[in-house]
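# Descriptive structure summary
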Amino acid sequence: MMLSEAVRAEIRSWMDLYPAGRQRSAILPALYVIQREFGYCPVEAQNELAEMLDLEPAEVGAVVGFYNMFHEEPKGEYHIEVCTNVPCMLRGAGKCMHHLEEKLGIHHGEKTADGKYALDHMECLGSCGTAPMVSVTEQKTGKIRYFEELDSAEDVAAMLQVLESGNAFVTTERWTPEGDPERTGKAAGPYRFGGMEPRYLLGQVGKADSHTLAVYERDGGYATAKRVLHEMEPAAVVEQVKASGIRGRGGAGFPTGMKWGFLAPAFPRYLVVNADESEPGTFKDRMIMEYDPHQLIEGIILSAFAIQAETAFIYIRGEYYFAYTRLVDAIKEAKAKGYLGKGIFGTEKNLEIIVHRGAGAYECGEETALLTSLEGYRGHPRMKPPFPAVEGLYAKPTIVNNVESICNVTHVMRYGVEWYRTFGTEKSPGMRIFCLSGNVKRPGLYELPHAVPLRELIYTYGGGPEDDRAAIKAVVPGGLSMKLLTAEQLDTPLDYEAVQAAGSLLGSAGVIVIDERASMIEVARRTLSFYREESCGKCTPCREGTGWLEEILLRIERGGGRVKDLEIMEHITRFIAGKSFCPFGDAAVWGLQSNLAKFRNEFIRHIEQTNPEEIGPIIPIRPIYRPDAGSASVLRDSTVVPVGESPLNRDHVIGD
Amino acid sequence: MSDQVTLTIDGRQVTVPAGTLVVDAAAALRIEIPVFCSHPKLDPVACCRMCLVEIEGPRGPMLQTACSVPVREGMVVRTDTEQVKATQEANLAFILLNHPLDCPICDKGGECPLQDQTMRFGPGISQLVEPKRRKQKHYLISDTIVLDQERCVVCWRCIRYLEEWEDKPQLGLFERGGETIIDIQDGKPVDAKTGGNIIDICPVGALTNRVARFAFRPWEIERTPSICNHCSIGCNVRLDSRTHKLRRIIGRENMAVNDQWICDKGRFAHAWVNHEERLTTPLLRKNGQLVPATWGEAVQYVADRLRAVKQQHGADAVGGIGSAKLSNEANYLLQRFMRQVVGTNNIDHRDGGAVAALPGGIPALADVMKPQYGPNPKVDTIFLFGVDPSEELPILDLHLKRAVRRGGAKLIIAHPRQVELTRYNGPYLRYRPGSEATLLNGLTKYALAATEGDKPKVEQMVGDVTDAHLADLCGVDPDAVQAAATLLATSKSALIVYGPMAARGETGQAVLNGLTNLAMVTGHYERLAYVGLEANSHGARDLGVLPTHLPGYAAVEDAEARSRFAAKWGGDLPTRPGLSYKAMLDAAGSAIKALYIMGANPASERPVWAENLEKLDLLVVQELFLTETAAKAHVVLPALSWAEVDGTFTNLERRVQRAPRAVRDPHSKAAPDWMILDHLASRLGSRWGYADEHAVTRDISESVPLYAGLTWEALGDQGLQYDAAPVRPRPAYRKVVQAPLPAADSASFALVTGTVLYDGGDLFRLTRQMANMAFGATAVLHPADAEKLGVEAGDPVVVSNAHGELTLQVKLDVQVPPGAVWIPESLPGAPVGALLNGSDAAAVSVRPVVERQAALAAD
């Protein structure tokens, strides 16, 4: 037996956390335990876990393979992952990776000879405002810490020094070259934020001990929840939320109250908070969970009361380790006070919150994929109808809402519908946390009412272009999956309708600014690398198409492009968008479609410069297969070496 | 809401049942919508996106997947627009993007939906100039299934089959995105007993049949609709042959029998048909040696010797043994030969006369089936008594899992082993072998308690069974007995099934009586069923291969029936019941002087029988192989197999089905059973005059009222059921008395026998690719017992009792209860019959092989 009794006991305690008969949900937490024990997920341990969960071994293996954060071989004592997605790329992730490679003496994808450090590239880690950055996983504890703002070789050296000291994981709060208590005497604290005054969603952030119940309650927290639970009927809360017109902050912008109205009249019901913030350019939920977790908890209490759920889940992305610990601590505090658990606030109401860590899969931000993942399966989206409000988690009526949406509920219930509607527009009411990243002077989170002009966000709050000599070329208004706006569209007000009229969508309000220095070919290729990596593989167009697009873009980038490729890519994107199983397909190609439409000349110029003769690629001849009589009864035929990822995908991930 | 929905597809109206999917509604109009992931027997997943069609909506036509959207009244669907066509082309381009296009060396080529759809719906040109993605090619995911990940289009059909039907998700999607692959967990091959079905439903060449690998191209084969001959389900199959050889077996749809699924034994274990060990010429013993002979010589020899034995010792010194593996025609003629030509009722087969069977079998297999689209099973509870479908009847196992998981059925299991189906949490009664009578009385008692109204007189017969008896004698939890009885008493329609393991000998009669009482008390008598396990167990009984009954279950003492057959056959028929299979073999060499054995191998069953056979004046063996029994014969007559001659078989639900000739070795002199017997009869002066095998089938249909009208032509390729009512005995309560159990001292083990699927008989063993799957000559123990004995898996042990002794390898399995040892039947080198006398429960002792202990001590 590979799993010790202590490990089994720990796994069993995770299994006990989930509703009876739903122990499969504990598969991700159990795999985290296993990975912490062994540094990876050995097959034998997987098989033993399968037995504990009463599954076939292949069911566990299939899950391990789906999630990026589980490894099938050891990754070193410290696993360093550099975010190379577009917002980080724009701010020098390539250089950061380069410095790390130099210092560690290894290439990315490798491990140091002593097994101490493993270096990999990583897709968006939700830290776009503090790019470039890395996340470091300490194998023996399973803790993850972010090291941010690694602008120079000195910063990288300082960070490695911290790791060498052995004290790097005393806390998992983010580290920056300045925010290092041992070196500079002060902690990093929350990253840059600002916006209107007073702020609501970010109102507590920046105060000392803002994450504690004492501070939250001192400033009026939980009073609303207490009042509502004592004085109101659930239906009345639903009505208020409907009237407020809150629209979902995760990306689709669906009215929250209307979603609640779809609930099937069956019980139990579940509230699932989508904290799988993975859309590149978006890093707002992380701040709330790290520095104001009680705001979210109060929102959950109110929302669960409204939809009559007694169990709420927070599905938080696996990389957000610090936010996870803050949430767990906050829930413990609230429970100790009687704000959660049985008979909360002295009423008859019960509520348990279970925090469930994802394990590295962008697709799990899609609500049905999130539920599938929460149930302990690979995070594939599922068919709608039935919609989650009818048959969601464990086939029970379920509401899935984004963290920020839930937080808005708190403020609506606290200050009223009329107050809420004084912000924003008729159809896009309320305030919003805009995530500003890319080539601006002051990237960060800015809480502003809807309909603030894009220009105001970038210039007034963001301080304008990062480099005064480089003009803004393009802006992604709502997270990487949304269509690009050009410099001429900077006066677009940031509300749902106006951004849509401008040819894009507000999405998750992740505003990524791209200036003249960046190559649109690289932006396109990086974008597709991300979607190729994150495609769940369920449906054909997305699974095959994203990889094909990435290959073409890689070839163009490396000087083998043909103008014809642009047409081929347009053709491919047309048959991914709207044809794939879930909205991921659209998200994967909208950016490229707008890029090709609006910056076509830049592509053509690049092709003309790098491949003037338009020489086509050499089509590789496939090897000749020998017929296999299948005579030997061995399970693996050794005549064919398993082929891993195409080297093309890996060797050129990083820029300069 | 109406049950019928009318919609328009491509301008044409069609009316279909509500709930039908658009893709199936289109099929009703003969409009083909291309699909890969969609399969009529699996839940839709809509992942391949091939079936996108335009469906009119409030915001104009929307592309939706026809495989997942149910029809709505007034729905307007278009499958022929430019947009749909462009999408189909683009999707096929995506699907083919990383497909290796190695059709010339792919077994699927020629019968490949991917090829067909590419030709019909594909773009005809690829714009890909990048290198294709490489994955693993041709490796084994089980002993019989080869996977090529490059050819896979990730449609999930295989995964869904194993999940939705087998409830064993041993294949999964691994990795993610473009790297997504179908795979097993490392080191954990697919071992589901019907796993091979995933080959049939794979729409590309990703999953191929290792046994049939590179044996043909699909356009070269002849396809013969037939049935499987491995067990009594009678699954419909297709035999694919080329150049006189059987190349492949695949499933064939019969919604009353097997849906479209077959088990791996039926699919893969067919190498024996064309095996070089097959007998191809008659053999005659000369100077102690079996030497090739002509048919004329051999048949004349048999005729002369039979006549001589009969003259010297009388007709009852001759015995005939038929086979439940052989066709109705062969068995019918053998009993006719014994009764009419020889003049004796000494005719039986293994598990024949000694088994307390109830004619008719299961009312209808369809009653327990839950097809993908269709109502829930007609029976709401299934009680399995001493039957293990997972090992004995794998497709019944599949139906039951489905009935429980999807059809709301309940399962009750009484078995000495914790068989696989017990995982479904129905009441499970693990009884001690031999204690069946007490258990059944207990069940009846509790059933009575759960029934309202007047208690029938059976109450007094079972009243003395106490919970203490159940617990101490049977080893079952009285609460579980009560739960099972209550479930039976309260269910609307329960099916009660028992099999040969529980039906043999004295105990068998008690089991039948006890089950009859229980079924009557709970109101399910009409659904009490005995199931034989061999392909024609039911046909052999129906057609009188029994020492006590003529064809159609008329007793041999019944003068009217005798005269009816005599009128047909000619001559006088013997009146005295004959000897049973066991009695004939026990008496071989003493009272029995000559045996005619057709398709049976008793020498392998019990050492004592092997010895007896050598004492016979005449042993004739009609066989496919030179078995242990044939090797002792005076004459060996080479026969043809089920695949080589037209024949009919009767399955466990009385369905008579055709197995037509699919192949024949032109170099072999082997002859059909009917022809050998026909010739022999004429040498003994009885001219039967059958022109061909269909004439025998016709004779059966005319002579046996039960089989009236079941001619070859009438059976068609889905078979017909006969009406069992005339032969079902009228139920009556009977007192069931517990026979004394062998003394259970702490040193002894209860012997559990039974049948396993991969038993290693000739029909399995000769498929070399499956060699590793064979059960082997093993004694299976509970790990705790093994520890007590100081043995480990693989160690040799001696299992013995007063009757005999066997040396076997230890296997460990928690499904065997502590204090028991499981030795399945028909394992080569493990004649468990050596430990049995009759069919009574046996106690055995198990001890490690001494040499090993000594060797260890010496170390």
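Nothing here was measured: the structure is a model prediction, and the numbers come from that model.

With that settled, the discussion passes to the overall build of chain A. The helix and strand tally for chain A stands at 26 helices and 17 strands. Whereas a compact globule of 656 residues would reach a radius of gyration of roughly 26 Å, chain A reaches 24 Å, a difference of no more than 12%. The principal-axis extent of the C-alpha atoms belonging to chain A is close to 75 × 65 × 55 Å. Expressed as a percentage of contacts within chain A between residues at least 6 apart in sequence, the contacts between residues at least 24 apart total 71%. Total accessible area computed for chain A in this model is approximately 23100 Å², and 52% of it derives from carbon and sulfur atoms.

Let us now look at the pattern of salt bridges. One pass over the structure, following the stated rule, counts 94 salt bridges over all chains. Of the charged contacts, one joins B:Glu130 and A:Arg555 as a salt bridge, the two residues approaching to 2.7 Å between their closest N and O atoms. Highlighted residues: B:Glu130 in the loop between helix 3 (113-121) and strand 6 (139-140) and A:Arg555 in helix 22 (residues 540-557), drawn from two different chains. Side by side, B:Glu130 and A:Arg555 carry an identical accessibility label, which is buried. Among the salt bridges present, the one from B:Arg406 reaches B:Asp43, with a minimum N-O distance of 2.8 Å. Here B:Arg406 is found in helix 10 (residues 394-406), whereas its partner B:Asp43 is found in the loop between helix 1 (22-28) and strand 3 (52-57), with 363 residues between them in sequence.

Attention shifts here to the environment of B:Glu329. Residue and element names in this part refer to chain B. Residue placement: Glu329 occurs in helix 8 (residues 328-342). A relative accessible area of 1% means that Glu329 is categorised as buried. Once the C-alpha coordinates of Glu329 and Thr697 are considered, the two residues, 368 residues apart in sequence, prove to be 6.2 Å apart. Aside from chain neighbours lying at most four places away, what touches Glu329 is Gly647, Thr648, Glu693, Val696, Thr697 and Ile700.

What follows covers the packing of aromatic side chains. Residues and elements named next belong to chain A. Taken as a whole, this structure holds 45 aromatic pairs over all chains when the rule is applied. With 5.3 Å between their ring centres and 75° between their planes, Tyr200 and Tyr415 make a pair best called edge-to-face. With Tyr200 in the loop between strand 6 (193-195) and helix 9 (213-218) and Tyr415 in helix 17 (residues 403-415), the pair connects residues that are 215 residues apart, well separated along the chain. Looking at Tyr200, the relative accessible area reads 15%, which means it is buried. You can call Tyr415 partly exposed: its relative accessible area is 35%. Taking the centre distance of 5.6 Å and the plane angle of 80° together, the rings of Tyr270 and Tyr394 count as edge-to-face. Of this pair, Tyr270 sits in strand 7 (residues 270-275) while Tyr394 sits in the loop between helix 16 (367-374) and strand 10 (398-402), and the two are 124 residues apart along the sequence. For the residue pair Tyr270 and Tyr394, the accessibility class agrees, reading buried in each case.

The subject of this paragraph is the packing of helix 21 (residues 520-534) of chain A against helix 22 of chain A. Residues and elements named next belong to chain A. Interaxial distance between helix 21 and helix 22 falls to 9 Å at its minimum, and their mutual angle equals 150°. By the criterion of interaxial angle, the relationship of helix 21 to helix 22 is roughly antiparallel. Once helix 21 is placed against helix 22, the crossing between them reads as left-handed. Along its contact with helix 21, which presents Ile521, Glu522, Ala524, Arg525, Leu528, Ser529, Tyr531 and Arg532, the element helix 22 presents Thr546, Gly547, Leu549, Glu550, Leu553, Leu554, Ile556 and Glu557. Looking at the contact of helix 21 with helix 22 residue by residue, the class counts come to 8 nonpolar, 3 polar and 5 charged.

This next bit is on the pairing of strand 27 (residues 655-659) of chain B. Residues and elements named next belong to chain B. Counting buried residues along strand 27, 4 of its 5 residues qualify, which places the element largely inside the surrounding structure. Here strand 26 (residues 647-650) runs beside strand 27; their pairing, made up of 4 bridges, is antiparallel. Bridging from a neighbouring strand, Thr648 pairs with Arg658 of strand 27.

With that settled, consider the domain arrangement of chain B. Residue and element names in this part refer to chain B. For chain B, the assigned domains read domain 1 (4-80), domain 2 (127-274), domain 3 (295-354 + 536-727), domain 4 (365-530) and domain 5 (748-858). For the pairing of domain 2 and domain 4, the buried interface totals around 1800 Å² over both sides, and the portion due to carbon and sulfur atoms is 57%. In this structure, the connection of domain 2 to domain 4 is made through 7 salt bridges. Viewed at the interface, domain 4 and domain 2 are joined by 9 residue pairs in polar contact (both at pLDDT 80 or more). Within the side of domain 2 that touches domain 4, the residues separate by chemical class into 11 nonpolar, 3 polar and 7 charged.

Quick look at the sheet that holds strand 2 (residues 110-111) of chain A now. Residues and elements named next belong to chain A. Pairing within the open sheet is mixed, and its 5 strands lie in the order 2-3-1-4-5. Looking at strand neighbours, the two that pair on one side only are strand 2 and strand 5 (143-147), the edges of this open sheet. Where strand 1 (residues 78-83) meets strand 4 (residues 134-138), 5 bridges bridge the pair, whose relative direction is antiparallel. Bridge pairing in strand 4 places Ile80 opposite Val136.

Let us now look at the interface of chain A and chain B. On the side of chain B, 65 residues touch chain A, which itself brings 68 residues to the contact. Both sides together, the interface formed by chain A and chain B hides about 5700 Å², and carbon and sulfur atoms give 56% of it. Counting the contacts that link chain A with chain B gives 4 salt bridges. Linking chain A with chain B are 19 residue pairs in polar contact (both at pLDDT 80 or more), by the criterion used here. Going through the elements one at a time, helix 3 (43-53), helix 4 (57-66), helix 21, helix 22 and helix 23 (563-576) of chain A are the ones with two or more residues in the side of chain A that touches chain B. Top contributing element to the side of chain A that touches chain B by residue count: helix 22 of chain A, with 9 residues. Residue composition of the side of chain A that touches chain B, by class: 31 nonpolar, 17 polar and 20 charged.

Scoring rules and cut-offs
Residues numbered from 1 in each chain as written. Chains lettered and ligands numbered in written order. Predicted model: local features only at pLDDT ≥ 70, side-chain atom pairs only at ≥ 80, totals over all residues. Heavy atoms only, no water. Helix = DSSP H or I, 4+ residues; strand = E, 2+ residues; numbered from the N terminus. Rg over C-alpha atoms; globule rule 2.2 N^0.38 Å. Contact = heavy atoms within 4.5 Å. Areas by Shrake-Rupley, 256 points an atom, 1.4 Å probe, with all protein chains shown as cover. Salt bridge = Lys/Arg side-chain N within 4 Å of Asp/Glu carboxyl O. Buried < 20%, exposed > 50% of the residue type's maximum accessible area, 1.4 Å probe, protein only. Phe/Tyr/Trp six-rings, centres within 6.5 Å; stacked < 30°, edge-to-face > 60°. Axes fitted to C-alpha atoms, helices over the stretch in contact; angles between N-to-C directions. Parallel < 35°, antiparallel > 145°, perpendicular 65-115°, else oblique. Left-handed = near helix turned anticlockwise from the far one by under 90°. Nonpolar A, V, L, I, M, F, W, Y, C, P; charged D, E, K, R; others polar. Pairing = 2+ DSSP bridges. Domains from an automatic or database assignment. Buried area = accessible area lost by both parts, 1.4 Å probe. Polar contact = N/O pair within 3.5 Å; in protein donor to acceptor, adjacent residues only side chain to side chain.

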